Structure formats: structure tokens, C-alpha cells
Amino acid sequence: MSKAPVIAIDGPSGSGKGTICKLLAQAMGYHLLDSGALYRLVALAAEHHGVSMENERALSDIAAHLDVQFLTSVDGDKVVLEGEDVSLAIRTEAVGMNASRVASLTLVRKSLEERQRAFAELPGLVADGRDMGTVIFPQASIKVFLTASAEERADRRYKQLKSKGLDASLADILVDIQQRDERDQNRSVAPLKPAADAVLIDCTHMSIAEVEQEVMTLIRNRGL
Ligand code: DC
């Protein structure tokens, strides 16, 4: 197993994990694993290949052979699936819903385990997901469970969509978040829950800067 230190950040959709993980990876000069993107990619690849979201074997096959590149450049980060830039396509609500469905399948999760662990390279990794601290990196140096109320997460998402000029309904977003939480928390395999040794941060009333500061303090206290 790699000796690279891992900072595992888990939590529900919309808790701000993605933003915090990017900031932490930049501040530390660490690699970044957006594990949710892998489930989104499986869902999108399945759609492209006409594979049903119920066909566990075929989906796990897709997961095992995902032809994906995560590219970083000055113009921003890019996710390339089978040669096609899917950076925006994997972020739609529809793909998010299907990602949540494929993520509940044991064989799909198994197929993605080693690919995720391979991201743990020196000088270190910030891992963003639902089971980073519980299943993928149980030996992580730091484990954080970042959460916020469903209402606050819906509100943040609503404002984000509005700021992009997209049409959105706060009530629909809240229902969507509650459904996804329900599915992520109650699935039998790797359900969304804090690791026993995770530090819980409820950021309902915190700014991004405050959350970053709190996690940086944990990191410094661990001597990383
Ligand atoms: O974080 P996200 O919204 O991109 O994740 C997409 C879906 O994948 C979400 O429903 C939860 C699931 N997921 C998971 O089950 N395990 C992970 N480590 C990451 C995401």
C-alpha cells in the first residue's frame, strides 16, 4: 500500500466537499480524487453504450474498463471519457441521479476500488466522496465528515444554478437532495456514514473559508 498521506473528506451531496477538497489539494500541493466523478462517468458511459442502470454485471464491466483521463491545464480541469470532453455532461442532474443508482451496486463499487486507491501517490491525496474514510482509505491520516442541513444544501445549489442563469425550483432541488441522501445513506454497500474516527463538521452556518481553516488546523495538528 502507498505511503502517501490521505486526507479523506466524506459527506452528502451539496455539503461543499468539492470546493473544500480543491482548496485543500491546492494548499497542500496534493493530488485530488473526485470519486463521485467516477460513478458519474460509469453512469454516462452506460448511457452512451445503451446499458441499463439495472444491469449490474455490464455496469461493473464498464467501471472496470473506464477509459478516462483527468486533465489539468491553465484553462481549467477537464474530464475526458473515451476521447470526448465530458466535463459538463457528467455534472447534469440526470447523470447525478443515475450515478446514485449505479453507486448502490456492489460489483460496480468493487470495480472502482483499486482505481481509487491508485490516486494515493506522493506527496499526498485529498479524497472526496462518501466512503473514503470508511472503505477506500481506512488508514487515512485525516478523516472529515462534512455535512449541512438539506435545506441549506438545496439553497446553495439553487443559488448556484440561478447564478449560471439556469432555471431552477428550490422545492424540486430539496426533494432531489432528500431522495439522493436517502439512497446514499440506506444502501447496503458502503452507505454514506462517518467513519468512527472522523471529525464531524456541520457547515450549515459556516463560510467556505471557515471550513477550510478548520480542516487546515486538523492537518497541521497531524504534522502534515
Ligand atoms: O459527489 P457526487 O454528487 O459527484 O456523487 C455522485 C453520486 O455517486 C452520489 O449519488 C453518491 C455516489 N458516490 C458514492 O456512492 N461514493 C463515492 N465515494 C462518491 C460518490
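We now turn to the structure provided with this report. Being a predicted model, the structure only gives us computed values, none of them experimental. Sequence order sets the numbering: in each chain, residues are counted from 1 along the sequence as written. In keeping with the predicted nature of the model, local features appear solely for residues at pLDDT of at least 70, side-chain atom pairs appear and are counted solely at 80 or more, and the whole-chain, interface and lining totals rest on all residues. Water and hydrogen atoms play no part in the side-chain values, which are based on all heavy atoms of the structure.

For the rest of this paragraph, the subject is the site of the ligand. Here a residue is considered near a molecule or strand provided that any single heavy atom belonging to it is located within 4 Å of it. The environment of the ligand is made up of 15 residues, and the closest members are Arg40, Arg109, Arg130, Asp131 and Arg187. A distance of 2.8 Å separates an oxygen atom of the ligand from a polar atom in the side chain of arginine 109. Between N or O atoms, a polar contact is any pair within 3.5 Å; within protein, one atom must be a potential hydrogen donor and the other a potential acceptor, and residues adjacent in sequence are included only when both atoms are from side chains. Taking aspartate 131, its side chain carries an N or O atom lying 2.9 Å from a nitrogen atom of the ligand. Calculation of accessible area relied on Shrake-Rupley with a 1.4 Å probe; when residues are assessed, cover is drawn exclusively from the protein chains displayed. In isolation the ligand exposes 450 Å². Once the protein is present, 94% of that is buried. Numbering goes from the N terminus for both helices and strands, where a helix is a DSSP run of H or I of at least four residues and a strand is a run of E of at least two. The set of elements that each furnish at least two residues to the shell around the ligand consists of α2 (35-48), α4 (93-102) and α8 (170-186). Take the shell around the ligand: its biggest share by element is four residues, from α2. Polar here means any residue outside two lists: the nonpolar Ala, Val, Leu, Ile, Met, Phe, Trp, Tyr, Cys and Pro, and the charged Asp, Glu, Lys and Arg; Gly therefore counts as polar. Of the residues belonging to the shell around the ligand, the class tally is four nonpolar, four polar and seven charged.

Bringing the nonpolar core into the picture now. Among the buried residues, those of types Ala, Val, Leu, Ile, Met, Phe, Trp, Tyr and Cys that are joined through side-chain atoms within 4.5 Å form a nonpolar core. Partly exposed describes any residue whose relative accessible area lies between the buried limit of under 20% and the exposed limit of over 50%, with all areas from a 1.4 Å probe on protein chains only and scaled to the type maximum. Of all hydrophobic cores here, the largest spans 37 residues; its most connected members are Leu41, Val42, Leu66, Val108, Leu112 and Phe137. Of all the secondary-structure elements, those providing two or more residues to this core are β1 (6-10), α2, α3 (56-64), β4 (76-81), α4, α5 (106-117), β6 (125-129) and α6 (132-136). By residue number, the principal contributor to this core is α2, which donates nine residues. Filtering out sequence-adjacent residues up to four positions away, leucine 112 remains in contact with Leu38, Tyr39, Val42, Ala63 and Leu66. We call two residues contacting when some pair of their heavy atoms lies within 4.5 Å.

Looking now at the environment of proline 5. By secondary structure assignment, the location of proline 5 is in the segment before β1. Classification of proline 5 as buried rests on a relative accessible area of 14%. Along the primary structure proline 5 and glutamate 121 are separated by 116 residues, whereas in three dimensions their C-alpha atoms are 8.2 Å apart. The residues touching proline 5, leaving out its near neighbours within four places in the chain, are Tyr30, Leu122, Pro123, Gly124, Leu125, Ser141 and Leu224.

Time to look at unusual backbone geometry. In this structure, the amide linkage connecting leucine 122 to the following residue, proline 123, adopts the cis form with an omega of 5 degrees. Along the chain, proline 123 falls in the loop between α5 and β6. Phi at alanine 190 is positive, roughly 45 degrees, even though this residue is not glycine. Tracing the sequence through the fold places alanine 190 in the loop between α8 and β8 (199-202).

Patch building starts from residues that exceed 30% relative accessible area and form no salt bridge, then joins like charges within 9 Å and nonpolar side chains (Val, Leu, Ile, Met, Phe, Trp, Tyr) within 5 Å. A side-chain nitrogen of Lys or Arg and a carboxyl oxygen of Asp or Glu constitute a salt bridge if their distance falls within 4 Å. Charged-residue counts in this description rest on Lys and Arg as positive and Asp and Glu as negative, His and the chain ends being excluded. A charged residue contributes its charge at one atom only: NZ of Lys, CZ of Arg, CG of Asp or CD of Glu. A contiguous patch of negative charge on the surface is contributed by Asp67, Glu82, Glu84 and Asp85. Here glutamate 82 is to be found in the loop between β4 and β5 (84-85). Relative accessible area serves as the criterion here: at 40%, glutamate 82 is assigned to the partly exposed category.

Here we take up the layout of surface pockets. Method remark: on a 1 Å grid restricted to protein atoms, a set of points is classed as a cavity if a 1.4 Å probe fits but cannot get out and as a pocket if it is open with protein on both sides within 12 Å along at least five of seven lines; lining residues have an atom within 4 Å of a point. Grid points are joined across faces, edges and corners, and a volume is the space filled by probe spheres set on the points. One number sums up the size of the second largest pocket: a volume of about 180 Å³. If you trace the second largest pocket, you find it lined by Glu93, Arg157, Leu161, Leu166, Asp167, Ala168, Ser169, Asp172, Ile173 and Asp176. Secondary-structure elements contributing two or more residues to the lining of the second largest pocket are α7 (150-163) and α8. Ranked by residues supplied to the lining of the second largest pocket, first place goes to α8 with three residues. Residue classes in the lining of the second largest pocket are distributed as four nonpolar, one polar and five charged.

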